[in-house]
Amino acid sequence: MGRQVCCISAGYSEHASKRSDVNMPELINEAIQDCLKKVPSVSLDDIDAFANGNMPAFEGINIPELWMTDWMGARCKPLMRVTTGGTTGGTVAICGYYSVAAGIPGIDTVLAVAFEQQSQGDTSLGLASVALGEISILNTLGITYDQLNRLLSAGAAIGVAAYQATTYMSKARITEEDLARVVVQERRNAAKTWWAHLKMPNLTIEDVLDTPYVQYPLRFGMVCPASDGACAMLFTTEEKAKEWADIPVYVNGVASVANETAVLGYNGSGSAQLDPSTQLGAMRTAELAYSQAGISFPRKEIDYAELYGPFPNQTLMWSEKLGLFEETTAPKMWEAGVTNLNGELPINCSGGVNATNAIGASAMERPAEAALQIMGKASNQVPKTVHTSIGHGWGGSLNLCTLMVMADQPKRKFK
Amino acid sequence: MSEKKTYQRTEKKALEYIKKEYIKTRTLPGAWYLSSYTYKFDITHMQPFLKKLKDKKLIGNRCSGCNRIFFPPRLVCGQCLVKPDRWVDIRETANVATYAIAYLKNPDTGEIEEKPMVLVQHDGSNTCCIAQMAPNVNVKDMYINMPLKVHWKDERTGGLMDIEYYDVIEDASKDLSSKKE
Amino acid sequence: MEKVGIVGYNQVKLSSDANYGRYEMIFEAVRGAIDKAGLKKKDISTVISCTNDYYDGRTISNCFTVEVGGGYMADETKVEMDGAHAVLYGLMRILSGNHKLAVVWGGSMASCFPYHATRLFETDPTWERQMALVNDVTASGFQMRAYMEKYGISAEEIAKVAVKNRKNSTKNPLALSESQNPNLTVQDVLNSDIYADPVTELMVAQPCDGVAALLLAPEQQALKITDKPVWITGVGWYQDAYYLGDRDLSTIRSMELAGRKAFDIAGIKNPKNEIDVAELFEAYAHEELILAESLGLVEKGKGPTLNTEIGGDLPINPSGGALSGNPPCATGLIRIIEAAKQLRGEANGYQVSGAKRAIASGQIGMCAQNSILYVLEKGGN
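Residues numbered from 1 in each chain as written. Chains lettered and ligands numbered in written order. Predicted model: local features only at pLDDT ≥ 70, side-chain atom pairs only at ≥ 80, totals over all residues.

Caption draft 1: How the structure looks around the overall build of chain A. Looking only at helices and strands, chain A has 16 helices and 11 strands in total. Over its C-alpha trace chain A gives a radius of gyration of 20 Å, about what one expects of a compact globule, namely 22 Å for 415 residues. Across its three principal axes, chain A shows a C-alpha extent of roughly 60 × 45 × 40 Å. Counting all 415 residues of chain A, 68% fall into the buried class. Within chain A, counting contacts between residues at least 6 apart in sequence, those at least 24 apart form 80% of the total. (Helix = DSSP H or I, 4+ residues; strand = E, 2+ residues; numbered from the N terminus. Rg over C-alpha atoms; globule rule 2.2 N^0.38 Å. Buried ≥ 20, exposed ≤ 12 C-beta atoms within 10 Å, placed from the backbone. Contact = placed C-beta atoms within 7 Å.)

See below:
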């Protein structure tokens, strides 16, 4: 059952804190044009189906893919929408994968688009309303409005990441400098990426540490921005990929596992995640995706990784949870330069989420960048040949992790 | 080596970056009417727990499938997909599972205050919940696994605020090197 | 296309103001489906939910429902369209070979929010929303008028559909009590409150509270789990143009294309003769006639001539259809469940005898901009 899926192209729109020159359909059209430009032998008629997603609360439009039909070229074609909050992009990419892998007759080439135009709405209200229903339960259970106000105003912006940071920092025994080092590396990488948001070619650790705290231990200089932007990926079968692309990228493993809710819990019942940096969901995701892709030793077999780290402690944490480094050794790897452009295992050479965060699109930009690195068409291309790469996504208080493992060789046999 | 935190505050917030100017297209106002929603929920499963709070007793519920104990009580155990069916007693002592420090403007004085936000795990339970610390706690002294005890409110009404805050108690393991760095 | 089977389902009784919390309702639907199929939580490989942020009043509406929906440490995702599209994603996941059991659940509680007002948020913010004249009800008014004028169909013939469906729903124990009415007449329907002329209140599928869940498995597993699997042998889904003026509103083109595709995959050449029962998602009474014509079950313009009663040529909506209750995000899923019930012989009181092949449809968008159609076949003995 099933069949091999290849990714043949990925495209982006320009990201900025306010793309005041376009509305949403025009924004995704930019990304789609960039994606199709890279494979000139594919025309719009060759695309059989579409997958689309974003977080609708930020723009004030419900099910916007209905409006965007014509700008995607989807009139009278199959289209499906998936959204899962912060991991929306990863989920849309996975939906694009499954649409081709299913082998439904006539569906061979799928265009997946994920986007966000956060400047159109109120980001903090959109994020706060995730927990709005649960907060009102806490109020009924007796917690006063003053407390709840504090919870929402302080917790919503950073949410669970601050708790993850405290436990991780105490486990790994690191200082804020280690966090700032990650930020500096990522934002300097972003300066070489044409579509990234925060391009800071001359950033230093002192600059980052000179900013005030948002919520200990995270400072303003470490927090990801809120960007407008879109991303598109093109998936197709193995035969067509060989015809259309120079280097087809084989999608060998996908998974998106959720754990329990962190911090707040549902119905006001708290969370079983005592140590938020344990991340059972991420470990299970990695287990599933690696076993599908035939990877048993990720540290040696993976050449490039794009991790979803809106805050620097998360990039460090994911690199351990996904098996790239041993527990608590990640900060030393960054210090030693293992993860920079010329290192053994480059991570986030596009700047990662810390430099560009259009919430709906950012989890798709990770596998898109990982695919482009294998194709050799990435904006900040690593000098060594990339054979296997991973793109990862993470979502809010649910700790849903999406993972897509890609390589330049197929790894599975299909019956 | 984890250095003790220094909490200086500077005025500079934003870091400089390379920006591109975009032309402004037309804009129109709009709104999402969140205020027109009502949220329905059921807290029948919490009633025994809330009643016991009045008598200064803590109880949690336990899932027979995985033997995990939930405090506060939970509707459904996700791991087993069943409703927890037994009530167990929970002790008043707890420890800090994790914490963060928020910087909020005091609406009366206009000054920025440091407020610790903690997740506490009671001894005997497998879950943690959000809680308040005693007002006299110095945030610089907080660490993971710091032992705490419940401080009850004098007038209890059967709600979550009956646990007014958590006091810091003496750390029995302070002579052991595994306590904290 | 390889065979994928529906091996279990469960639905909560629809109600206009349920006394539940959201989590209890979801837990009841999902746990009930798993128990009825004789399975356990650890068998669940993937969970696909279907909810909508605007209908639930919260961002990431599936965020806190992971545990109650059975998604703890399982491959979990959410489709934000109709429940029938969530089944499509479940189908794709099973066909890919990566999963052995998929749980698909969807639903919301319309008593918590003003449903028709929320549909305004689907409109184009640049033009239509500023005027606030187009929402799903007024759009359906356009559609009904276009259909009536083109083929000379009278409002009475459309009202007959509402009467039939509401009568059918009296036999359905899970339908909305307010919509169950065995003594309704055509005159009652025409005299009810006008929503958007010529659409009247009793022609509109009433939004309500409800959650439904469905289990899917590949052929080998399905035969082990149950001896009455229902095979999905064909599927088609298409999206039409957005603006109402770009479409011919007297037909539903997205369903024409979807129907053709689904029948193609299932190998059906003459749908009228080969289909035994149909469960179509008709958000308004006239849509049932238009859908029957778009699918080729009857000639264009001759919709009212088809006998769609339970004993007739081609029974449509023996359970009452969406007019028996329309929980947003669950209605398409419930149509599939009802069709599966007919094929398994479990539709007590409204069973179409000897049903071997059925179709079920779902839709989303104004005037069914995006439609999906399934062809289901009876499996086992």
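On we go.
Caption draft 2: The packing of helix H3 (residues 88–101) of chain A against helix H16 (residues 359–375) of chain A, seen in detail. Residues and elements named next belong to chain A. The interhelical angle for the contact between H3 and H16, taken along N-to-C directions, is 55°, at an axis separation of 5 Å. Judged by the inter-axis angle, H3 sits oblique to H16. Contacts between H3 and H16 involve Thr 88, Gly 89, Gly 90, Val 92 and Ala 93 from the former and Gly 360, Ala 361, Ser 362, Ala 363, Met 364, Glu 365 and Pro 367 from the latter. Each residue belonging to the contact of H3 with H16 can be placed in one class, and the counts come to 6 nonpolar, 5 polar and 1 charged. (Axes fitted to C-alpha atoms, helices over the stretch in contact; angles between N-to-C directions. Parallel < 35°, antiparallel > 145°, perpendicular 65-115°, else oblique. Nonpolar A, V, L, I, M, F, W, Y, C, P; charged D, E, K, R; others polar.)

Caption draft 3: Molecular detail of the pairing of strand E3 (residues 75–78) of chain C. Residue and element names in this part refer to chain C. Here E3 shows no split at all, with Asp 75 and Thr 77 on one side and Glu 76 and Lys 78 on the other all buried. Bridge analysis of strand E2 (residues 46–50) against E3 gives 4 bridges, and the strand direction is parallel. Of the residues in E3, the one forming a bridge with Val 47 is Glu 76. (Pairing = 2+ DSSP bridges.)

Caption draft 4: Structural context of the sheet that holds strand E3 (residues 86–89) of chain B. All names here are of chain B. Judged by pairing direction, the sheet is antiparallel, and its 3 strands sit side by side in the order E2-E1-E3 without closing on themselves. Looking at the sheet topology across the chains shown, the edges are occupied by strand E2 (69–70) and E3. Note: strand E1 (residues 59–62) against E2, 2 bridges, orientation antiparallel. Each residue of the ladder has a partner; that of Asn 61, found in E2, is Phe 70.

Caption draft 5: Focus on the interface of chain B and chain A. Counting residues at the interface gives 53 residues for chain B, matched by 55 residues for chain A. If you list the elements that add at least two residues to the side of chain B that touches chain A, you get strand E4 (93–105), strand E5 (112–122) and strand E6 (128–131) of chain B. A total of 8 residues in the side of chain B that touches chain A trace back to one element, the largest contributor, which is E4(B). Taken together, the 2 bridges between strand E5 (residues 213–216) of chain A and E4(B) define a ladder with antiparallel strand orientation. Residue A:Tyr216 lies in a different strand from E4(B), and its bridge partner there is B:Ile101.

Caption draft 6: Layout of the interface of chain C and chain A. Listed as interface residues are 54 residues of chain C and, on the opposing side, 59 residues of chain A. Contributing elements (two or more residues each) for the side of chain C that touches chain A: helix H2 (53–56), E3, helix H3 (83–95), strand E8 (230–239) and helix H10 (253–266) of chain C. Examining the composition of the side of chain C that touches chain A, we find that 6 residues originate from one element, H3(C), more than from any other.

Caption draft 7: Spotlight on the environment of A:Thr204. All names here are of chain A. Turning to its location among the elements, Thr 204 is positioned in the loop between helix H8 (176–190) and helix H9 (205–209). Its 12 C-beta neighbours within 10 Å are what place Thr 204 among the exposed residues. Along the backbone, Thr 204 and Arg 181 are 23 residues apart, and their C-alpha atoms lie at a distance of 8.1 Å.

Caption draft 8: Representation of the pairing of strand E7 (residues 209–218) of chain C. All names here are of chain C. With 9 of 10 residues buried, E7 lies mostly within the body of the structure. In the sheet, strand E1 (residues 4–11) pairs with E7 via 7 bridges, with the strands oriented antiparallel. What sits directly across from Gly 8, in E7, is Leu 215. Here strand E4 (residues 102–109) runs beside E7; their pairing, made up of 8 bridges, is antiparallel. Along E7, the bridge assignment pairs Ala 102 with Leu 216.

Caption draft 9: Just unusual backbone geometry, in detail. Put simply, B:Phe71 and B:Pro72 share a cis peptide bond, and its omega is 5°. Residue placement: B:Pro72 occurs in the loop between E2 and E3. Note that the residue after C:Asp197, namely C:Pro198, is joined by a cis bond; omega there is 5°. With respect to the helices and strands, the residue C:Pro198 is situated in the loop between strand E5 (194–196) and strand E6 (199–200). Backbone geometry at B:Lys56 places phi at a positive 60°, although glycine is not the residue there. Mapping B:Lys56 onto the fold places it in the loop between helix H1 (47–54) and E1. With 13 C-beta atoms packed within 10 Å, B:Lys56 lands in the partly exposed category. The backbone of C:Ala368 shows a phi angle near 55°, a positive value even though the residue is not glycine. Tracing the backbone through its elements, the reader meets C:Ala368 in the loop between strand E10 (357–364) and strand E11 (370–378).

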